[in-house]
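# Tertiary structure, described
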Amino acid sequence: MRSRMKLLGTALVAAAVAALAAVTVPAPASAAALTEVTNFGANPSNLRMYLYVPDRVAPRPGLLVAVHYCTGTGPAFFNGAQFDELANQYGYIVIYPSVTRSSQCFDVSSPQALRRDGGSDPVGIKSMIDYVRARYPVDADRIFATGVSSGAMMTNVLLGLYPDVFAAGAAFAGVPFGCFATTNGSEWNSECANGQITKTAQQWGDLVRNAYPGYTGKRPRMQLWHGTNDETLRYPNFGEEVKQWTNVQGLSQTPTYTDTPQSGYTRTRYGGSGTMAPVEAISMAGVSHNLPVDAAQAIRFFGLDSATPPTTPPPTTAPPTTPPPTTPPPTTPPAGGGCAVGYAVNAWNTGLTAAVTITNTSGATVNGWSLAFTLPGGQTITSGWNATYSPTSGAVTARNVSYNGAIAPNTSVSIGFQANHTGNTAKPASFTLNGVACSVS
């Protein structure tokens, strides 16, 4: 069994891959090896296709599209995740698309990529699916997508464009469908990456519905994963994804079920409390963009772990996570009492996100900080990023985490949180930084 490395969302990953023979039809004798497939159909953006077919394929196998991260490749994702090992256990087939453009990022931003059959990467990936379905007895009701970072964004895109193809998706550190949209040819949308694009649930849902006008059929289920300390695709994107996919499913944004599957993880389910709820969201406290990919939990959500031999269950060991520190750091007040707080609220139905900017307007560095404020009645923090929050309602104190404890003069740190509310979405009236009152904007 290959040793497994922790997947990097957009980190540089050097993947030494053995030479792979390019063939048109994978031969049964070499089924249990990653094989490149060429001439698989319409491919406007020159993607490469890699296919993994286990030795023991189920009579009606499921099909999984596993989409790599920026700077990655299909073979690197094959080597870095456990989706193929689980395929050996459960008999499903895996497609690993691979980008050839210089960025090695998938196109989730162009107008072509965000319109059904409009062109670019989604069309090539759909061709890969059609290719496999023409050669194997794939169960049309068990076709799924998953990915990390750029691959997670593409998972959102694929489920939006092809709801009649995909039954479900699992997105590890992504952004909502349409969030990365650009019209100037750029592959990168900094505003979205920084978590600065917020919409109502209806607006997010409309982006998905407008990508395939007239479709009225069943929509795919979605599983979402995000670290609160994601420095590349910041944590507010997680809440926006939840808003989008609950709206697409016609669901309330109030969880049906909430639990803690492991320390630091908060799992919420919407529209059902079972393991295959319409939307499942896992918030990972203190975890960066370099998040662990729990392939077994994605396969469980898809239902690919129950229908095929052999019957050995997937690994149950949860991936490691590093929770934020719980001991308050030492603090120094801003010199001369100089501090300012910016506070922006984006609210919907029974939830909201708050983006908070703390600026040191004094002439000396603040080493270690605590920001105290009182939440308006009915507001309760459910998750946060770039700070620890205690308690979750009433008089709250936000304390720095390990990497943002120092605020130099005339510089700022950004923190934030997601909260439930009972109708009052107002801002706190005042803030103190290390006991000193701050101006508020």
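Residues numbered from 1 in each chain as written. Predicted model: local features only at pLDDT ≥ 70, side-chain atom pairs only at ≥ 80, totals over all residues. Heavy atoms only, no water.

Residue Ser 390 is joined to Pro 391 through a cis peptide bond whose omega torsion reads -15 degrees. Within the fold, Pro 391 resides in the loop between strand E17 (388–390) and strand E18 (395–399). The phi angle at Asn 39 is positive, at roughly 55 degrees, despite the residue not being glycine. Topologically, Asn 39 is positioned in the loop between strand E2 (35–37) and strand E3 (48–52). When its relative accessible area of 68% is taken as the criterion, Asn 39 is described as exposed. For Ser 149, which is not a glycine, the phi torsion comes out positive at approximately 60 degrees. (Helix = DSSP H or I, 4+ residues; strand = E, 2+ residues; numbered from the N terminus. Buried < 20%, exposed > 50% of the residue type's maximum accessible area, 1.4 Å probe, protein only.)

Okay, the side chain of Ser 149 next. Looking at the element boundaries, Ser 149 is found in the loop between strand E6 (143–148) and helix H4 (150–161). A polar contact of 2.8 Å, which involves the side chain of Ser 149, links it to the side chain of His 289. (Polar contact = N/O pair within 3.5 Å; in protein donor to acceptor, adjacent residues only side chain to side chain.)

Bringing the pairing of strand E13 (residues 351–360) into the picture now. For E13, a buried count of eight out of ten residues is recorded, marking the element as mostly surrounded by other parts of the structure. Here ten bridges tie strand E12 (residues 339–348) to E13, and the two strands are oriented antiparallel to one another. In the strand pairing of E13, Trp 348 is matched with Gly 351. Taking the residues between adjacent antiparallel strands as the criterion, E12 and E13 are bridged by two residues, where Asn 349 takes a positive phi near 20 degrees. Strand direction decides the pairing type here: E13 and strand E20 (residues 412–420), joined by nine bridges, are antiparallel. Bridge pairing in E20 links Leu 352 to Ala 419. (Pairing = 2+ DSSP bridges.)

All right, on to the sheet that holds strand E16 (residues 380–385) then. Taken in spatial order, the five strands make up an open sheet running E16-E20-E13-E12-E23, and their pairing is mixed. Each end of this open sheet is capped by a strand with a single partner; those strands are E16 and strand E23 (439–440). Looking at chain direction, E16 and E20 are connected through five bridges and run antiparallel. Within E20, the position partnered with Thr 380 by the bridge is Asn 420.

Turning next to the state of the cysteines. Evaluated as defined, the whole model comprises three disulfides. Each sulfur of the disulfide joining Cys 70 and Cys 105 lies 1.9 Å from the other. Handedness here is read from the sign of the S-S torsion; for Cys 70 and Cys 105, about 130 degrees, the answer is right-handed. Of the two residues, Cys 70 sits in the loop between strand E4 (63–67) and helix H1 (74–80) while Cys 105 sits in the loop between strand E5 (93–98) and helix H3 (120–135), which places them 35 residues apart along the sequence. Note on Cys 70: relative accessible area 6%, which makes it buried. Residue Cys 105 is classed as buried on the basis of its relative accessible area of 13%. The side chain of Cys 179 participates in a disulfide bridge whose partner is Cys 192; the two sulfur atoms lie 2.1 Å from each other. Its torsion about the S-S bond being 120 degrees, the disulfide of Cys 179 and Cys 192 is classed as right-handed. Of this pair, Cys 179 sits in the loop between strand E7 (168–172) and helix H5 (190–193) while Cys 192 sits in helix H5, and the two are 13 residues apart along the sequence. According to the relative accessible area criterion, Cys 192 is buried, its value standing at 0%. Disulfides within the protein link the bonded cysteines, taken in sequence order, as 1-2, 3-4, 5-6. (Disulfide = S-S within 2.5 Å.)

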